[in-house]
Amino acid sequence: MRELAKFYITTPIYYVNDKPHIGHAYTTIAADVIARWHRLKGEEVFFLTGTDEHGEKAEQAAKKEGKTPKEFVDGIVDQYIRIWKELNISYDYFIRTSDPSHEKIVKQLVEKIYKNGDIYKGYYEGWYCVPDETFWTDLQLKDGKCPECGRDVKKIKEESYFFKLSKYQDKLLEFYKKNPGFLSPKFRSKEILNRVEDGLKDVSITRTTIKWAVPFPMDEKHTLYVWIDALINYISALGWPDGKRFKEFWPADIHLIGKEINWFHSVIWPALLFSAGIEPPKKVFAHGWWTIDGKKISKSLGNAIDPVALAKKYSLDAFRYALLREMPLGDDGDFSEKTLAVRLNNELAAELGNLLNRAVTIAEKYDGAIEGSPELESSLNVDKIDEAMERINTFDALSEIFLFIKAANKYVNDKEPWKLKGKELGGVLYNLLESLRIISILISPFTPGTSEKINAQLGVKAGALEDCKFGKHAYKVKKGEYLFKKIEN
RNA sequence: AGCGAGGUAGGGUAGUCUGGAGUGCCCGUUGGGCUCAUAACCCAAAGAUCGGUGGUUCAAAUCCACUCCUCGCUACCA
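In this text the structure is predicted, and so the values were computed from the model without any measurement.

Asks: Before we move on, can you summarise the sheet that holds strand 7 (residues 183-184) with the specific residues and values?
Replies: Within the open sheet, the 6 strands sit side by side as 3-2-1-11-12-7. Their pairing is parallel. Each edge of the open sheet is held by one strand with a lone partner, namely strand 3 (93-96) and strand 7. When strand 7 meets strand 12 (residues 284-287), the two strands line up parallel, connected through 2 bridges. Opposite Ser-184, over in strand 12, you have Phe-285 as the bridge partner. Along the sheet face, helix 3 (residues 69-86) touches strand 1 (6-15), strand 2 (44-52) and strand 3 and points at about 160° away from the line of strand 3. Where helix 10 (residues 262-276) meets the sheet, it contacts strand 7, strand 11 (254-258) and strand 12, and its direction lies at approximately 140° from that of strand 11.

Here is the structure:
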């Protein structure tokens, strides 16, 4: 038996002091689309998401609500799981850093790094702004004061264990050089490269003040800094070191992350893995941020968007589509309901929905044989779409898919099938129905629910990527509801 | 401040590496065509001193220098 290609993609694990907003939804939907695309290609996919549950902020948030940290995070985790279900996220496993199995593996890995001599005891020194409860480095201070509020800062000296990140500077640089695709997208790789070339400081990896965390195995007074704990999720979820999944799926094909956490994933994470003798992931892809109507998302502006509400208002698939259609993954983009509505009305309803509707209407009235020569085949370029998806460019992929949809609409206009009869009509219908069947496959990672509806109206089964070519298929056409309803605004 | 990215029609982009008529795409605007279909679909047109100045060249959005503007990153909150 031929062994299936393996594909492992992860989202960040989301921190639980807050409810999921559009940023979380974007990352997760994008990962979902990529995962579904690779399933379409017949690969064996493992798609991981989860929650990062330790640390001071979760501890405080729990206190505020009079709950234990565990009770508190359980509540938030339930929300995440429910929302991912509503957004049709096809993850294979949901990891929680409070899982005992995760904790055990984290300790095991830290011990291994310690034994390799890469962890030592030292003192963390920094500036602390008491009212803001925030640490700052020398560089960040503004005229010796807190850069946020301008008030005086206090020098803090705290016992801490450090990871010898500096030791891995050369190894990291060599690794980046040998694996040019690792730092993605390209325009972001220089930010990391330059900083690593400037020199690396060792990282403080333990705290003495935080209880809600994984205990540091070598010293009971310390707990592990949450980031270290969090990063390890990517292998603990696979059951490192001996788990079957670890052997099958590691190294990860893509860690999809937001640009704000690029440093941890592109520098600290591979260094930790080097130290533990584990292969680093193949690619870290940092996507951009959304602005909402041209403004940054922030709590003070109160413009955080609830993804579920949007999905309800405009339909889930329109929302998923709009997120991935707006800009190439990696760039920053602006999100507005107005654009979403325009895309829904013009692209999904008018181009795709209407194409199906007009084809199905004609086909239902026709009772001859649906067969002919594939005249629309030349407008379809599946390789180009796949190539865009391999570059993680959903924007280009959707553009290419919609070029084919446009070509099909034009074909209808040119052929004027409502004037045709018999064999001629059968030939046009063959091209239309085959095109729709293929379109349904191609868009299924983006809009899975819509593909199901198309398949139902055509009377065909869901296909794989290799079925995206003109061939012979039997149809049982039955007109159904509109794929997308236009929305007035 | 240091490092990085970018400034192309009303908006968004491709083209820049490997110079060759401002060439393309999406939205928007205007006019027309068609009528199977969700007042949809198709065609066409208008609209840009390619941030600015100077240079190299027969020829510059593209190469060089300078300049203006915008944005991002700068490690221990996640």
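Asks: Explain the side chain of Asp-253 to me, and be specific about the residues and the numbers.
Replies: Tracing the sequence through the fold places Asp-253 in the loop between helix 9 (244-249) and strand 11. Side-chain polar atoms of Asp-253 contact the backbone nitrogen of Tyr-8, separated by 2.8 Å. Those residues in contact with Asp-253 that sit more than four places away from it in its chain are Lys-6, Phe-7, Tyr-8, Lys-282 and Lys-283.

Asks: Give a detailed account of the pattern of salt bridges, specifying residues and quantitative values.
Replies: This model, assessed by the stated rule, comprises 28 salt bridges. For the salt bridge of Lys-67 with Glu-65, the shortest nitrogen-to-oxygen distance reads 3.3 Å. Between Asp-74 and Lys-70 there is a salt bridge whose closest N-O contact spans 3.3 Å. Highlighted residues: Asp-74 and Lys-70, both in helix 3, separated by 4 residues, approximately one helical turn.

Asks: An account of the environment of Asn-409 is needed here, citing residue identities and associated values.
Replies: Relative to the assigned elements, Asn-409 resides in helix 15 (residues 394-415). Look past the residues within four positions of Asn-409 in its chain and what remains in contact with it is Glu-351, Leu-355 and Arg-358.

Asks: Quick rundown of the side chain of Asn-357? Include the residues and the values.
Replies: In this fold, Asn-357 is placed in helix 13 (residues 337-365). Sequence-distant contacts of Asn-357, that is, excluding residues within four places in its chain, are made with Lys-479 and Tyr-482.

Asks: Describe in detail the packing of aromatic side chains, supporting the description with residues and values.
Replies: Any pair of aromatic rings gets described here by the distance separating the centres and the angle formed by the planes. Under the definition given, this model contains 22 aromatic pairs. Taking 4.5 Å as the distance between ring centres and 40° as the angle between the ring planes, the aromatic pair formed by Tyr-161 and Phe-216 counts as tilted. With a gap of 55 residues between them, Tyr-161 in strand 6 (residues 154-163) and Phe-216 in the loop between strand 9 (206-207) and strand 10 (223-224) connect regions that are remote in the sequence. The exposure class of Tyr-161 is buried, given its relative accessible area of 7%. Residue classification places Phe-216 among the buried residues on the basis of a relative accessible area of 2%.

Reading the values: the criteria
Residues numbered from 1 in each chain as written. Chains lettered and ligands numbered in written order. Predicted model: local features only at pLDDT ≥ 70, side-chain atom pairs only at ≥ 80, totals over all residues. Heavy atoms only, no water. Pairing = 2+ DSSP bridges. Helix = DSSP H or I, 4+ residues; strand = E, 2+ residues; numbered from the N terminus. Contact = heavy atoms within 4.5 Å. Axes fitted to C-alpha atoms, helices over the stretch in contact; angles between N-to-C directions. Polar contact = N/O pair within 3.5 Å; in protein donor to acceptor, adjacent residues only side chain to side chain. Salt bridge = Lys/Arg side-chain N within 4 Å of Asp/Glu carboxyl O. Phe/Tyr/Trp six-rings, centres within 6.5 Å; stacked < 30°, edge-to-face > 60°. Buried < 20%, exposed > 50% of the residue type's maximum accessible area, 1.4 Å probe, protein only.

Function cannot be read off these values alone, since they describe shape.
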